[in-house]
Amino acid sequence: MSGEPQDDCLFCKIAEGHVPATIVRETETTVAFRDINPQAPTHVLVIPKAHYKDAATLATADPALAADVLREAQAVADEDKLESYRVVFNTGAGAGQTVFHAHAHVLGGRGLQWPPG
Ligand code: 5GP
Ligand code: ZN
């Protein structure tokens, strides 16, 4: 996986501005936007603009870009003034991954149980 945009990828389309989203932050390498089906008062997805199918593939192929995603997760939490928050990378269909373009869920603004179930 080279990071090239994929025609059939929803998050590539959001990164390119071809599908609308409520964007909260954008950098040269990442976009952060509100999840369409929020599970918490803050539920933001942080994606690399480049296409990698999941977080582990991203981290192996481009560790600096994976670090950009993590820094942006922190920035989202800071902007929403979250004292505590959760960052989730669902990896694989069995773990609930439905969009196969790497993304961090940033969840906060309510109490969060662990394990999540
Ligand atoms: P996953 O289940 O792959 O970890 O997370 C995918 C997330 O993308 C889900 O939380 C889902 O609600 C969100 N999502 C799916 N389609 C769209 C969309 O068109 N726009 C936005 N903003 N979020 C979406
Ligand atoms: Zn993609």
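Before reading on, note that the structure itself is shown above.
Since the structure is predicted, the reported quantities are computational estimates derived from the model, not experimental observations.

Asker: Tell me about the site of ligand 1, and name the residues and values.
Answerer: Near ligand 1 you find 13 residues, and of these Ile36, Asn37, Asn90, Thr98 and Val99 are the closest. For the shell around ligand 1, the residue count by class is six nonpolar, five polar and two charged.

Asker: Residue-level account of helix H3 (residues 63-79), with values.
Answerer: For H3, built from 17 residues, the straight-helix expectation of 24 Å at 1.5 Å per residue is met to within 8% by its first-to-last C-alpha distance of 24 Å. Taken together, the buried positions of H3 are Ala66, Val69, Glu72, Ala73, Val76 and Ala77. For H3, the arc enclosing every buried residue in end-on projection is 145°, short of the 170-degree limit, so these residues lie on one face. Away from its buried face by more than 90 degrees, H3 exposes Pro63, Ala64, Ala67 and Asp78. Where H3 is buried, its residues contact strand E1 (23-26), strand E2 (30-34), strand E3 (42-48), helix H2 (55-61), strand E4 (85-88) and strand E5 (104-108). Phi turns positive one or two residues past the end of H3, at Lys81, with a value near 55°.

Asker: Hey, could you go over the sheet that holds E3 for me, with residue numbers and the actual values?
Answerer: In space, the five strands of this open sheet follow the order E1-E2-E3-E5-E4, with antiparallel pairing throughout. Looking at the sheet topology across the chains shown, the edges are occupied by E1 and E4. Direction aside, the axes of adjacent strands within the sheet are offset by 20° on average. Where E1 lies against E2, three bridges are found, and the strand directions are antiparallel. From the neighbouring strand, Arg25 faces E2, where its bridge partner is Ala32. Most of the contacts of H3 go to E3, to which it runs at about 155°, and overall it touches E1, E2, E3, E4 and E5.

Asker: Could you give me a rundown of unusual backbone geometry, with the residues and numbers involved?
Answerer: A cis amide bond, omega 0°, links Trp114 with the succeeding residue Pro115. Inspection of the secondary structure assignment puts Pro115 in the segment after E5. The backbone of Lys81 shows a phi angle near 55°, a positive value even though the residue is not glycine. Residue position: Lys81 is located in the loop between H3 and E4. Under the C-beta neighbour-count criterion, Lys81 is labelled exposed, with 9 such atoms within 10 Å.

Asker: Go over the nonpolar core with me, naming the residues and quoting the values.
Answerer: Ranked by size, the top nonpolar core spans 24 residues in total, and within it Val46 and Val106 carry the most contacts. Looking at this core, the element that brings in the most residues is H3, giving five residues. Discounting chain neighbours no more than four positions away, the residues touching Val46 are Thr30, Ala32, Val69, Glu72, Ala73, Val76, His103, Ala104 and Val106.

Analysis parameters
- Residues numbered from 1 in each chain as written.
- Chains lettered and ligands numbered in written order.
- Predicted model: local features only at pLDDT ≥ 70, side-chain atom pairs only at ≥ 80, totals over all residues.
- Near = placed C-beta within 6 Å.
- Nonpolar A, V, L, I, M, F, W, Y, C, P; charged D, E, K, R; others polar.
- Helix = DSSP H or I, 4+ residues; strand = E, 2+ residues; numbered from the N terminus.
- Expected span 1.5 Å × (residues − 1).
- Buried ≥ 20, exposed ≤ 12 C-beta atoms within 10 Å, placed from the backbone.
- Arc of directions from axis to C-beta.
- Contact = placed C-beta atoms within 7 Å.
- Pairing = 2+ DSSP bridges.
- Axes fitted to C-alpha atoms, helices over the stretch in contact; angles between N-to-C directions.
- Core = buried A, V, L, I, M, F, W, Y, C linked by C-beta atoms within 7 Å.

So, to be careful, I would describe these as geometric facts and stop short of saying anything about function.
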